[in-house]
Amino acid sequence: MHIEPGVVDGAKMVFAYGSAAAAAGYSLKLAANDLKFANVPAFVLRAALATVGTFVFFEVLPHFSAGISEVHFILGTSLFLLLGAGAAAAGLVLGLLLQGTFFAPSDLPMFFVNVTTLLFPLFALHTLAKRIVPDGRAYVDLDYSQVLKMSAVYQGGIIAWVAFWAIYGQGFGAANLQSVLTFGAAYAFVVVIEPLADLAILAAAKGARDWKSGNLFTHRLFTAA
């Protein structure tokens, strides 16, 4: 989902700065909501875990170029379900910054573009979860259809934002549109795979119910709303 340097540049970057600032503001709101159920050290621990997870997803898991961008297995739904929206948002930003600073400095000029691409789908996922997950159900008890909807919203959001940045930056030329379609088709594979990974992670989490009073997971993972 990385947007390469040059795809968006010049005055058009102003929108990226604004969208990233808006995402940062909403992330702070999510963090404040998280802190209603946990103390600051617990939140920092979960944000650190999300940061490590994001870095692993970008640098360790398989990834490949496809059209306008790269395809990554970003388990954003798993980060959300395990660690909470606020911690997941912090981890996505910090993990992306860590990866760019030490391993891919050429990506840093597009940092605000890529932050927007990662965070706004997370916000959509957070909104969807409130609508499709009954108050009486913990996240570990979600079924495949619910997780599929969540993963589809997150990954679909990433595809949509990558397409937006590509067209916003480079226009509607045939080559650019073909590159966007190539990326979208390749990323659709992730939409199929990630719900299975999310369910496997939730199944493993069921064996950790004794940790529900600890600091490693969001309260919603094991507890009804």
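Below you will find a few notes about this structure. (Residues numbered from 1 in each chain as written. Predicted model: local features only at pLDDT ≥ 70, side-chain atom pairs only at ≥ 80, totals over all residues. Heavy atoms only, no water.)

On to the side chain of Arg-220. Inspection of the secondary structure assignment puts Arg-220 in the segment after α7 (174–206). One buried charged residue, Arg-220, remains without a salt bridge, the closest side chain of opposite sign being Asp-135 at 4.8 Å. (Helix = DSSP H or I, 4+ residues; strand = E, 2+ residues; numbered from the N terminus. Buried < 20%, exposed > 50% of the residue type's maximum accessible area, 1.4 Å probe, protein only. Lys, Arg positive; Asp, Glu negative; His and termini not counted. Salt bridge = Lys/Arg side-chain N within 4 Å of Asp/Glu carboxyl O.)

Glancing now at helix α2 (residues 40–59). Between the first and last C-alpha of α2 there are 28 Å, a value that for 20 residues agrees with the 28 Å anticipated at 1.5 Å per step. Structurally, α2 contributes buried residues whose contacts are with α1 (13–34), β1 (63–66), β2 (69–72), α3 (76–83), α4 (85–102) and α5 (111–132). The opening residue of α2 is Asn-39, an N-cap whose side-chain oxygen sits 2.9 Å from the backbone nitrogen of Ala-42. (Expected span 1.5 Å × (residues − 1). Contact = heavy atoms within 4.5 Å. Polar contact = N/O pair within 3.5 Å; in protein donor to acceptor, adjacent residues only side chain to side chain.)

Right, let's talk about the pairing of β2 for a bit. The pairing of β1 with β2 spans four bridges and is antiparallel. Bridge pairing in β2 links Phe-64 to Val-71. Counted between consecutive antiparallel strands, the loop separating β1 from β2 contains two residues, among which Gly-67 sits at a positive phi close to 65°. (Pairing = 2+ DSSP bridges.)

Attention now goes to the layout of surface pockets. Here the largest pocket is characterised by a volume of approximately 420 Å³. Around the largest pocket sit 20 residues that line it, and His-126, Lys-130, Tyr-139, His-219 and Arg-220 are the ones nearest its centre. Those elements that provide at least two residues to the lining of the largest pocket are α1 and α5. Per element, the largest residue contribution to the lining of the largest pocket is five residues, and it comes from α1. A per-class count over the lining of the largest pocket returns nine nonpolar, five polar and six charged. Approximately 200 Å³ is the volume attributed to the second largest pocket. Along the walls of the second largest pocket sit 15 residues, with Ala-24, Ser-27, Ala-89, Val-93 and Leu-119 positioned nearest its centre. Elements with a contribution of two residues or more to the lining of the second largest pocket: α1, α4 and α5. Counting residues per element, the lining of the second largest pocket draws most heavily on α1, which supplies six residues. Across the lining of the second largest pocket, the residue classes tally to 13 nonpolar, two polar and no charged. (1 Å grid on protein atoms, 1.4 Å probe; cavity = no way out; pocket = protein on both sides within 12 Å on 5 of 7 lines; lining within 4 Å. Points joined across faces, edges and corners; volume = space filled by probe spheres on them. Nonpolar A, V, L, I, M, F, W, Y, C, P; charged D, E, K, R; others polar.)

Along the polypeptide, Gln-155 turns up in helix α6 (residues 144–170). Here the side chain of Gln-155 touches Ile-74 through a polar contact of 3.1 Å, landing on its backbone oxygen. Not counting chain neighbours up to four residues away, the residues in contact with Gln-155 comprise Ile-74, Tyr-187, Val-190, Val-191 and Glu-194.

Looking now at the packing of α1 against α5. α5 packs onto α1 with a crossing angle of 40° between their chain directions and a minimal axis gap of 9 Å. Considering their axes alone, α1 and α5 lie oblique with respect to each other. Seen along the crossing, α1 lies across α5 with a hand that is left-handed. In this structure, α1 uses Met-13, Ala-16, Tyr-17, Ser-19, Ala-20, Ala-22, Ala-23, Tyr-26, Ser-27 and Leu-30 to contact α5, whose residues at the interface are Phe-112, Val-113, Val-115, Thr-116, Leu-119, Phe-120, Phe-123 and His-126. For the contact of α1 with α5, the class distribution of residues is 14 nonpolar, four polar and no charged. (Axes fitted to C-alpha atoms, helices over the stretch in contact; angles between N-to-C directions. Parallel < 35°, antiparallel > 145°, perpendicular 65-115°, else oblique. Left-handed = near helix turned anticlockwise from the far one by under 90°.)

Right, let's talk about the nonpolar core for a bit. In terms of nonpolar packing, the biggest core is built from 66 residues, with Leu-122 and Leu-221 touching the most fellow members. Not counting residues up to four positions away in its chain, the partners in contact with Leu-122 are Gly-76, Phe-80, Ala-85, Ala-88, Ala-89, Leu-92 and Tyr-154. (Core = buried A, V, L, I, M, F, W, Y, C linked by side-chain atoms within 4.5 Å.)

These values are about where atoms sit, not about what they do.
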